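Residues per chain are reported as follows:
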Amino acid sequence: MSLKIATWNVNSIKARLPNVLEWLEEAKPDVALLQEIKTVDENFPVMEIEERGYNCAVHGQKSYNGVAILSKHPLSDVTTGLPGDKDDDQARYVEAWVEAGDDSVRVASIYLPNGNPVDTDKYPYKLKWMDRLAGRAKALLHNEEPVVLGGDYNVIQADGDCYDPAAWADDALFKPETRAKFRTLLNLGYTEAWRTLHNETHVYSFWDYQAGAWQKDNGIRIDHLLLSPQAADRLAACEIDKGPRGKTKASDHTPVWCELTA
DNA sequence: ATGCCGGGCGAAGCCCGA
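Calculation criteria
Residues numbered from 1 in each chain as written. Chains lettered and ligands numbered in written order. Predicted model: local features only at pLDDT ≥ 70, side-chain atom pairs only at ≥ 80, totals over all residues. Heavy atoms only, no water. Helix = DSSP H or I, 4+ residues; strand = E, 2+ residues; numbered from the N terminus. Expected span 1.5 Å × (residues − 1). Bend = angle between axes of the 7 residues up to and from the residue. Contact = heavy atoms within 4.5 Å. Near = heavy atom within 4 Å. Polar contact = N/O pair within 3.5 Å; in protein donor to acceptor, adjacent residues only side chain to side chain. Nonpolar A, V, L, I, M, F, W, Y, C, P; charged D, E, K, R; others polar. Phe/Tyr/Trp six-rings, centres within 6.5 Å; stacked < 30°, edge-to-face > 60°. Buried < 20%, exposed > 50% of the residue type's maximum accessible area, 1.4 Å probe, protein only. Lys NZ or Arg CZ within 6 Å of the ring centre and 35° of its normal. Pairing = 2+ DSSP bridges. Axes fitted to C-alpha atoms, helices over the stretch in contact; angles between N-to-C directions. 1 Å grid on protein atoms, 1.4 Å probe; cavity = no way out; pocket = protein on both sides within 12 Å on 5 of 7 lines; lining within 4 Å. Points joined across faces, edges and corners; volume = space filled by probe spheres on them.

(A) Structural detail: helix 1 (residues 13–27). Compared with the 21 Å implied by 1.5 Å per residue over 15 residues, the 17 Å span of helix 1 between its first and last C-alpha is markedly short. Along its length, helix 1 shows its largest kink, about 40°, at Asn19. On its buried side, helix 1 packs onto strand 1 (2–9), strand 2 (31–35), helix 2 (46–50) and strand 4 (67–71). A positive backbone phi angle near 50° is found at Lys28, which sits one or two residues after helix 1.

Quick look at the structure:
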């Protein structure tokens, strides 16, 4: 048996609903981790998504942020919010156990802060959020379960993950401190699924709406699936699906998915 | 090119994203 787990920053579930429903029917992920739903829980389109055979766990917020987990299998043990700062009211983390027999897995949908401009409090917020994520990621390893931490990490890991490294050098997504924090996650024992299976550079998951970035393939790869050892042992495939980015009324991100074989 | 699009909010124009 196997499980297809995808992550996608949809940039508003309200504006993107037709695209998301079409993608669910075409790509048929077993689990979909969504970010930037930009709505409160009460306005999440649960009915339309349940009609397609998915259960929903939603951690929403008015206007900004917001994350969700969609799953064809039952969800349990749902937790919302990233531990470590009771004053943080931004909806950027939701976690759940996917009940799928031998394919069961713990998943989290992550919307890591952008951090720009770097000379404001947004950048230290990003770095502290990454420390908190590392704390949660480390705690999850103690359970020795398959875990998939998927989402918009807002981290460019290396020169080959963006179209112009010089242009990104001082950006919050690419600064050395940011990349070091990301490596801390990997050094805990997590595997970045796409890079593990692919050697190519200049393959992206985000293209700006502006300046013909999509047409010129001026993108960055910032949407990642991080796997615990027990999940990495099951990794059979990981791909970036550029299809949704080319549709009308597209999100500026495109889905990334992996297949775990039990 | 730290905003050229595109979304939210709310009903014009500003905030935000990467």
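(B) The arrangement of the protein's contact with DNA strand B in detail. Among the 27 residues in the neighbourhood of DNA strand B, the closest are listed as Ser12, Ser63, Asn114, Gln210 and Ile220. Protein-proximal atoms of DNA strand B, defined as those within 4 Å of the protein, fall in sugar or phosphate at a share of 66%. A distance of 3.3 Å separates a phosphate oxygen of DNA strand B from a polar side-chain atom of Ser63. Contact between DNA strand B and Asp152: a phosphate oxygen at 3.4 Å from a side-chain N or O atom of the residue. Top contributing element to the surface near DNA strand B by residue count: helix 1, with three residues. For the surface near DNA strand B, a count of residues per class yields nine nonpolar, nine polar and nine charged.

(C) Main features of the packing of aromatic side chains. Under the counting rule described, the total for this entry stands at five aromatic pairs. Ring centres of Tyr153 and Phe182 lie 5.6 Å apart, and the angle between their planes is 85°; on these two criteria the pair is classed as edge-to-face. A residue pair is termed long-range when its members are at least 10 positions apart, and Tyr153 in the loop between strand 8 (147–152) and helix 4 (165–168) and Phe182 in helix 5 (residues 176–188) qualify at 29 residues. Since its relative accessible area comes to 0%, Tyr153 is described here as buried. Measuring from ring centre to ring centre gives 6.5 Å for Tyr204 and Trp207, while their planes differ by 80°; the resulting arrangement is edge-to-face. Look at Trp207 and you get buried, because its relative accessible area is 0%. Above the ring of Trp257, the side-chain terminus of Lys4 is found at 4.5 Å from the ring centroid.

(D) Quick peek at the sheet that holds strand 2. What the six strands build is an open sheet, ordered 3-4-2-1-14-13; its pairing is mixed. Sheet topology places strand 3 (55–59) and strand 13 (235–240) at the edges, where each strand pairs with a single neighbour. Strand-to-strand twist of the sheet, defined as the mean angle between neighbouring strand axes without regard to direction, takes the value 15°. Taken together, the six bridges between strand 1 and strand 14 (residues 256–261) define a ladder with antiparallel strand orientation. Opposite Ser2, over in strand 14, you have Thr261 as the bridge partner. With respect to the sheet, helix 1 is in contact with strand 1, strand 2 and strand 4, its orientation differing from that of strand 1 by roughly 155°.

(E) Quick peek at the layout of surface pockets. In this model, the largest pocket occupies a volume close to 330 Å³. Residues of the lining of the largest pocket, tallied by class, amount to seven nonpolar, seven polar and six charged. Reported here for the second largest pocket is a volume of approximately 210 Å³. Its residues assigned to classes, the lining of the second largest pocket shows three nonpolar, four polar and three charged.

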